[in-house]
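# Architecture and fold: a report
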Amino acid sequence: MYYYTTYAGLSIMAVGTLFAISKLAGAFFSLFFGELSDKFGQTRLGKKFGRRRFWLLAIIPVHTILFPLVWLPGMGVAYYYFIYILYNCVLRVPQIIIPTLTTEMTTDSTVRAKIEGMKQAVGAIATTALSALPGIMFLYFGKDLAAFTWTMIICDVLACVALFLQYKWSFERPAEELHFTPGRSAWQEMKLMFRDLGSTLRVRAFRQLLAMFVAQISERTISGYVNTYFIIFVMLMSPTVVAGANSVAYLLGLLFLSFFLWYTIKTDGATSFRLGAWVTLLVFAAFAWLALVRPPHAEIWLIGLTIVLNFGKTGIANASFYLMSFIPDVDEMVTRERREALFSGVFNFVDTVIQASIMFTLGLVLSATGFQQGVDVQPESTVTSIIAIYTCVPFCFGLWGIIISKRFKLNRENHLIVLQEIARLKNGGDRSAVDPQTRATVELLTGLPYEQCWQEPAAATEHHVAAAAAR
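Quick caveat: nothing in here was measured; it's all calculated off a predicted structure.

### Here we look at the packing of aromatic side chains
Scanning the entire structure with this criterion turns up 31 aromatic pairs. Judged by centre distance (5.9 Å) and plane angle (15 degrees), the rings of F29 and F33 are stacked. Taken together, the residues span about one helical turn, with F29 and F33 both in helix α2 (residues 12–39) at a distance of four residues. Its relative accessible area of 23% is what places F29 among the partly exposed residues. Consider the rings of F206 and F347, whose centres lie 5.6 Å apart with planes at 70 degrees: the pair is edge-to-face. Of this pair, F206 sits in helix α10 (residues 204–234) while F347 sits in helix α16 (residues 340–368); the two residues are 141 residues apart in sequence, bridging distant segments of the chain. Each member of the pair F206 and F347 is classed as buried. An aromatic cluster is defined as three or more aromatic residues linked by ring pairs; in this entry it consists of F29, F32, F33, F40, F49, F54 and W55. Cation over ring: R53 sits above Y167, and NZ or CZ is 4.1 Å from the ring centre.

Printed below as a string of structure tokens:
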């Protein structure tokens, strides 16, 4: 934001609008690109390079050219809107592709847990290291355009290297295992995008996980957005306390992640999700006590609670990403298709829209309570609202996630049953020969009668449309 207001000549309002519009554009692009990637296996390029990893290579020259254009000074409002929105869409490509590779590379739930844990660990290390880069550049160049230029060059090179290494070190499901509707081209399949988006909600396990995902996004976004306001205007502490608490929490983040990686493998994703959620509920209740009682040594209490809160959030996030890797397998039992990117795009879309909606709503709520910019003390109505928003609202979302996770039955054992049934059907097994336990498990996870599973996508869609019309 500092760059665009100082060197690009944009107003604060223009920059805020630019960020909001570009995020929403990227969210909608996620849905389109997820569908495109799933169908890309039908094309010549997809058959030769892979429907996932091809895009990791293709995005390298695009990113190399486009990223520097984002940082050209003095180019005018229209230019920055066009380039930044385009760049935000391009940025979604690896965000959609990389999560799909977990399910592409293995069906083993333990290995998937390790992959997801390592991805989070590497991401945390990279984020911490890159967050220090602008400060180093400012120390060396001062607040000069050269600081931004060198930051841009280093980030661009590192991003391209990371994409290439991801391409080299990953692999995909063999092309012969993919199923597409006979007689349809990739473009014809793309035109059925909205049908496919709607069909994802037919799967019960996906609906439940999506609700859990919404709960954790909402809890994380609200607490993250209001945290600084709570510390400064409710606890009347210095902003340095915020930085100190977050720094300690980040340093312990890898330790927390290691614990939850072990705990998820030891139990299952839903249990790990609940442990993290229960911890956050206790912390938000403690924050409410801290705001109302204001005990001695409140700074120590605050730092300690922030560390524990980060522990809980780590567990929720780790479990959510781990459980997402199971959904395409259950979906394949219904559609016979591998649609990892479609689900990845949906989660990416929901994440962006929920965050944008919450931040917009919180801004309206704080304004309505009389929030004043640039003052050290807020009105009593604003302070009360901040306490309620920071403690009660995340508490309710966390409790909602726990309740839903109790009904979520996609565990390691049931997942293995689904994989075995898919393998049996792919090898020519008769659907009528399914054993009772497998039938019950498939119906529990999909939310559909067994007879409506493992159909051609067109036949499945026609069946559900007719059933809806009959109702």
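Don't stop here, the text continues.
### Some words on helix α4 (residues 53–70)
With 18 residues, α4 ought to run about 26 Å at 1.5 Å a step, and its terminal C-alpha atoms sit 25 Å apart, in line with that. In the structure, α4 departs most strongly from a straight axis at H63, where the bend amounts to approximately 35 degrees. Buried within α4 are the following residues: R53, F54, W55, L56, I59, I60, H63, L66, F67 and V70.

### Quick notes on α16
Spanning 29 residues, α16 covers 42 Å between terminal C-alpha atoms, matching the ideal 42 Å at 1.5 Å per step. A positive phi of about 95 degrees marks G370, the residue just after α16.

### Notes on a nonpolar patch on the surface
Taken together, the side chains of Y140, F141, W150, I153, V157, V161, F164, L165 and W169 present a nonpolar region at the surface, about 940 Å² in accessible area. In terms of residues, the nonpolar patch owes the most to one element, helix α7 (residues 145–169), which gives seven residues. Along the chain, F141 falls in helix α6 (residues 109–141). Looking at F141, the relative accessible area reads 30%, which means it is partly exposed.

Conventions and cut-offs
- Residues numbered from 1 in each chain as written.
- Predicted model: local features only at pLDDT ≥ 70, side-chain atom pairs only at ≥ 80, totals over all residues.
- Heavy atoms only, no water.
- Phe/Tyr/Trp six-rings, centres within 6.5 Å; stacked < 30°, edge-to-face > 60°.
- Helix = DSSP H or I, 4+ residues; strand = E, 2+ residues; numbered from the N terminus.
- Buried < 20%, exposed > 50% of the residue type's maximum accessible area, 1.4 Å probe, protein only.
- Lys NZ or Arg CZ within 6 Å of the ring centre and 35° of its normal.
- Expected span 1.5 Å × (residues − 1).
- Bend = angle between axes of the 7 residues up to and from the residue.
- Patch = residues over 30% accessible without salt bridge, like charges linked within 9 Å, V, L, I, M, F, W, Y side chains within 5 Å.
- Areas by Shrake-Rupley, 256 points an atom, 1.4 Å probe, with all protein chains shown as cover.
- Salt bridge = Lys/Arg side-chain N within 4 Å of Asp/Glu carboxyl O.

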